[in-house]
Amino acid sequence: MTTPVSAYAALEKQFARIGALEAAQGMLHWDSAVMMPPGGAEDRGDQLAALAAVTHDLLTAPQMGEWLAAADPQVLDLWQQANLAEMRRLHAHATAVPADLVEALSRAGSACEQVWRQARPASDFTQVQKALEQVVSLTRQSAQAKAEALGVSPYDALLDQYEPGGSSSAIDALFADLADFLPTFLNEVLEAQGPEAEMPQGPFDLKAQEDLGRRLMQTIGFDFAHGRLDVSAHPFCGGTPGDVRITTRYSRDDFASAMMGVLHETGHGMYERGLPVGWRTQPVGRARGMSLHESQSLLMEMQACRSLEFFRFAAPLIKEAFKGEGSLWEAEAFHRRAIRVRRGFIRVDADEVTYPLHVILRYRLEKALVDGSLSVADLPEAWNSGFEALMGVPVPEHRLGVLQDIHWYDGAIGYFPTYTLGAMTAAQLYAAAQEAVPSIPDDLAQGNFAPLLGWLRANVHGKASSLSTDQIIRGATGKSLDAGVFKAHLRRRYLGG
């Protein structure tokens with residue numbers, strides 16, 4: 001006889017299996033990006049497809065529904081209750097969409113991505129329009145099915161996959177505040193910052209760059225007994241909490257890009273390492289969504305490691321690594337270059353001030369695509385007019401506009417806002433950390449990240465998914481996410497006020 005207690009125990013066992021399979025998929029993806037020879041792609045595709053099918057079967061098996069219905073939160077402790085809620089959310093996502101629609105969307109995304117790879121260098125949106133229309137149509141169907149299962153709007157159903165419990169109404173208010181503030185603020189910063197800072201000239205030895213990155217990772221607290229640093233075409237953090245895989249890419253002409261990329265990904269990695277060991281096999285033990293994950297990488301890279309205090313520690317190490325001489329290698333020079341603001345068309349190259357404008361535009365457009373108020377045919381013009389309104393410059397060609405990001409073309413619709421939500425969260429958490437531990441800036445100047453990391457462990461990492469994102473932010477900072485905190489940070493850093 002199934003009891004509430006035995007049903008929950010069965011669920012924990014099943015989700016531990018699912019988690020192990022998902023971890024194996026993650027390691028295979030890491031290997032594909034870092035180690036796998038080109039000829040292994042076909043075999044790897046078969047392996048990943050098989051693991052995905054087994055994982056989906058376990059998640060949607062008939063007994064899962066029975067166990068979820070039988071499990072009673074009243075007999076569980078708080079972490080178990082949160083775990084059960086996460087199980088139910090994941091099961092609702094998996095069972096809401098028919099298998100044939102899941103397959104059709106996967107195939108449409110793969111096909112559209114291949115067309116996009118040709119259309120982008122040609123700057124020709126018409127090449128990919130029909131394929132994107134298919135992706136958007138199928139995404140709308142999937143969003144509607146998930147909306148009915150979750151009891152939310154179609155866009156919020158997509159958002160929930162990346163930001164559990166995320167609300168477009170809350171995002172609308174936050175982004176409206178930023179969109180009203182940033183264009184004028186950007187003009188003020190560009191007028192105030194002065195001429196372009198001179199850069200140290202390469203070439204910069206690749207081994208020296210790698211050694212410097214490893215040293216800075218260890219300074220932050222990264223444990224190489226439980227992680228690696230490798231090279232890939234696009235930097236990322238993968239693996240598992242017990243085996244964190246970080247990658248970067250190096251250029252002989254620019255060491256700063258790889259260095260800041262390593263610091264960014266180390267922020268992701270420290271979050272994973274800080275998740276509670278006893279819950280790692282369960283949904284409640286996972287990181288709490290993409291905005292909080294991005295907040296940890298941006299807190300490390302943008303808040304801590306682009307500060308003047310950090311460069312007072314790091315400048316001598318950088319100077320030593322590349323045998324630099326002169327004023328270009330001093331802490332103040334590194335800091336000026338690290339916070340330089342420029343108008344630009346490419347999101348991934350954007351600075352801290354302009355990046356949110358890129359994200360706000362994409363959020364508005366993808367939401368309109370999902371609700372049907374914007375057609376794919378009208379997307380380029382909507383992009384160009386929206387970009388000029390926010391950034392103040394016209395888009396010269398589609399390669400620098402609507403075709404620049406892969407996300408929509410491979411079917412990833414509904415998570416662009418998490419990038420800027422992460423930046424805002426990072427600023428709010430860092431401000432709260434400094435208020436709680438006033439020595440943090442001086443500690444960073446000594447290369448001591450332990451006080452900052454200890455605060456994050458207690459207030460963010462150790463919470464995992466036992467609470468909602470809003471509950472974690474309120475618990476750590478005393479209030480919900482507030483655009484005013486992010487704006488105050490930008491004023492202090494870029495205008496000194």
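Criteria and thresholds
Residues numbered from 1 in each chain as written. Predicted model: local features only at pLDDT ≥ 70, side-chain atom pairs only at ≥ 80, totals over all residues. Heavy atoms only, no water. Helix = DSSP H or I, 4+ residues; strand = E, 2+ residues; numbered from the N terminus. Rg over C-alpha atoms; globule rule 2.2 N^0.38 Å. Contact = heavy atoms within 4.5 Å. Pairing = 2+ DSSP bridges. Axes fitted to C-alpha atoms, helices over the stretch in contact; angles between N-to-C directions. Left-handed = near helix turned anticlockwise from the far one by under 90°. Nonpolar A, V, L, I, M, F, W, Y, C, P; charged D, E, K, R; others polar. Buried < 20%, exposed > 50% of the residue type's maximum accessible area, 1.4 Å probe, protein only.

This part takes up the overall build of the protein. Within the protein one finds 20 helices and three strands. In terms of overall size, the protein behaves like a compact globule, its C-alpha atoms giving a radius of gyration of 23 Å where 497 residues would be expected to give roughly 23 Å. With the C-alpha coordinates of the protein rotated into their principal frame, the extents come out at 75 × 50 × 50 Å. Taking the contacts inside the protein whose residues are at least 6 apart along the sequence as the reference set, 72% of them involve residues at least 24 apart.

Judged by pairing direction, the sheet is mixed, and its three strands sit side by side in the order E1-E3-E2 without closing on themselves. Two strands in the sheet have a free side with no partner beyond their single neighbour: strand E1 (227–231) and strand E2 (237–240). Each strand of the sheet is rotated relative to its neighbour by a mean of 20°, with strand direction disregarded.

Where helix H12 (residues 308–322) meets helix H13 (residues 331–338), the closest approach of the two axes is 8 Å, and the angle between their N-to-C directions is 115°. Crossing hand, H12 versus H13: right-handed. Contact with H12, carried on its side by Leu 308, Phe 311, Arg 312, Ala 315 and Ile 318, involves Ala 331, Glu 332, Phe 334, His 335 and Ala 338 of H13 and no other residues of that element. For the contact of H12 with H13, a count of residues per class yields seven nonpolar, one polar and two charged.

With that out of the way, let us pick up unusual backbone geometry. Looking along the chain, the bond that leaves Gly 202 and enters Pro 203 is cis, with omega of 5°. Here the phi dihedral of Ala 464 falls at roughly 50°; this positive angle occurs in a residue that is not glycine. For Ala 464, the location among the structural elements is in the loop between helix H18 (450–459) and helix H19 (469–477). The exposure class of Ala 464 is buried, given its relative accessible area of 0%.

Scope: geometric values only; no functional claims are made or implied.
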